[in-house]
Amino acid sequence: MPLPNEHDIDSTTIRMMAWFSAAVSSGTPIVFVNIQTEQIVSSVFFLKLVSFRVRKCNSTKIPREIVHGIRLWFLPGTTEIPIELTTEPSENRFGIDVKRTEEGFMCLYAVTKGSAADRAGLGRLFENANETGHVVVISRLEGKSVMPTMVSSDGLLHCCDHGDMRDTLVGAVDQMETICLHIMSWPTATPRMQPAGVASLMPPM
């Protein structure tokens with residue numbers, strides 16, 4: 001979505017590409033597919049439309065407030081890999097620490113040796129990613145996407161709630177349930193891209 005000071009589509013496009021460049025530069029395994037402009041009716045128009053219908057005004061001309069947003073299409077840089085985590089009776093956690101990147105992606109921050117996550121292969125993937133300066137991104141949790149979806153006009157990223165993810169993991173451990181993650185990580189032979197810009201977007205607090 002355009003920021004209040006962006007009065008042309010080029011400014012929004014530049015900011016969007018800066019976000020994408022920053023994500024890839026930080027090691028996020030995504031590849032560019034396409035971008036498109038999209039007309040969006042602002043909330044001001046919807047308020048006027050509701051008011052118009054309530055008053056049953058005879059006028060057929062309703063001022064439409066149209067803004068132009070940018071939709072970015074990207075794909076995982078590698079195939080999404082399903083990982084099943086199963087704890088043993090003596091364990092009280094899966095053994096992963098998760099953090100959110102500045103661009104809104106959820107990634108592994110640490111994997112505990114000998115844990116359920118380590119036994120599932122996440123420890124090796126995490127070490128390989130660290131060696132090449134990349135991150136291991138969690139793309140889905142129990143089939144539900146945890147990828148960033150939108151940036152509002154105030155600059156805030158709409159993405160997975162860290163607390164909700166933690167509660168889901170803790171709940172599965174408490175119930176001794178197997179949980180499925182889908183992760184993305186660059187192949188170890190892929191070189192890391194050099195920084196290509198920063199994004200003026202604000203992750204949720």
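This one's a predicted model, so the numbers in the text were calculated from it and none came from an experiment.

Asker: I'd love a proper account of the pairing of strand E10 (residues 179-184), names of residues and values included.
Answerer: In terms of burial, E10 is a largely internal element, 6 of the 6 residues being buried. Burial along E10 is two-sided: Ile179, Leu181 and Ile183 facing one way and Cys180, His182 and Met184 facing the other are all buried. Pairing analysis gives 5 bridges linking strand E3 (residues 81-85) to E10, with the strands arranged antiparallel. By the bridge assignment, isoleucine 81 is partnered in E10 with isoleucine 183. Across 4 bridges, the pairing between strand E6 (residues 137-141) and E10 is antiparallel. The residue of E10 that forms the bridge with valine 137 is methionine 184.

Asker: I'd like a rundown of unusual backbone geometry, residues and numbers included.
Answerer: The phi angle at glutamate 142 is positive, at roughly 55°, despite the residue not being glycine. Relative to the helices and strands, glutamate 142 resides in the loop between E6 and strand E7 (144-145). Despite not being glycine, methionine 176 has its phi angle at roughly 55°, a positive value. The partly exposed category is assigned to methionine 176, whose relative accessible area is 44%.

Asker: Before we move on, could you go through the side chain of serine 25 and cite the residues and values that matter?
Answerer: As for its position among the elements, serine 25 is in helix H1 (residues 9-25). Residue classification places serine 25 among the buried positions, given a relative accessible area of 6%.

Asker: Could you give an account of a nonpolar patch on the surface, with specific residues and numbers?
Answerer: On the surface, Val31, Val33, Trp73 and Leu75 cluster together into a nonpolar patch covering about 350 Å² of accessible area. Taken together, the elements giving at least two residues each to the nonpolar patch come down to strand E1 (30-41) and strand E2 (66-76). Relative to the helices and strands, valine 33 resides in strand E1.

Asker: Quick rundown of the state of the cysteines? Include the residues and the values.
Answerer: What the rule picks out here adds up to 0 disulfides. As a non-bridged cysteine, cysteine 159 has cysteine 160 as the owner of its nearest cysteine sulfur, 7.4 Å distant. For cysteine 159, a relative accessible area of 19% corresponds to the buried category.

Asker: An account of the packing of aromatic side chains is needed here, citing residue identities and associated values.
Answerer: One pass over the full model with this rule turns up 4 aromatic pairs. Relative to phenylalanine 74, the ring of tryptophan 19 has its centre 6.2 Å away and its plane inclined at 50°; by these criteria the two rings are tilted. Of the two residues, tryptophan 19 sits in helix H1 while phenylalanine 74 sits in strand E2, which places them 55 residues apart along the sequence. Owing to a relative accessible area of 9%, tryptophan 19 belongs among the buried residues under this scheme. On the basis of relative accessibility, which here comes to 22%, the residue phenylalanine 74 falls in the partly exposed class. Centroid distance tryptophan 19 to phenylalanine 105: 5.8 Å. Interplanar angle 25°. Geometry classified as stacked. With tryptophan 19 in helix H1 and phenylalanine 105 in the loop between strand E4 (96-100) and strand E5 (106-111), the pair connects residues that are 86 residues apart, well separated along the chain. Take tryptophan 19 and phenylalanine 105: they sit in the same class, and that class is buried. By way of ring pairs, the aromatic residues Trp19, Phe74 and Phe105 are connected into one cluster.

Calculation criteria
- Residues numbered from 1 in each chain as written.
- Predicted model: local features only at pLDDT ≥ 70, side-chain atom pairs only at ≥ 80, totals over all residues.
- Heavy atoms only, no water.
- Buried < 20%, exposed > 50% of the residue type's maximum accessible area, 1.4 Å probe, protein only.
- Helix = DSSP H or I, 4+ residues; strand = E, 2+ residues; numbered from the N terminus.
- Pairing = 2+ DSSP bridges.
- Patch = residues over 30% accessible without salt bridge, like charges linked within 9 Å, V, L, I, M, F, W, Y side chains within 5 Å.
- Areas by Shrake-Rupley, 256 points an atom, 1.4 Å probe, with all protein chains shown as cover.
- Salt bridge = Lys/Arg side-chain N within 4 Å of Asp/Glu carboxyl O.
- Disulfide = S-S within 2.5 Å.
- Phe/Tyr/Trp six-rings, centres within 6.5 Å; stacked < 30°, edge-to-face > 60°.

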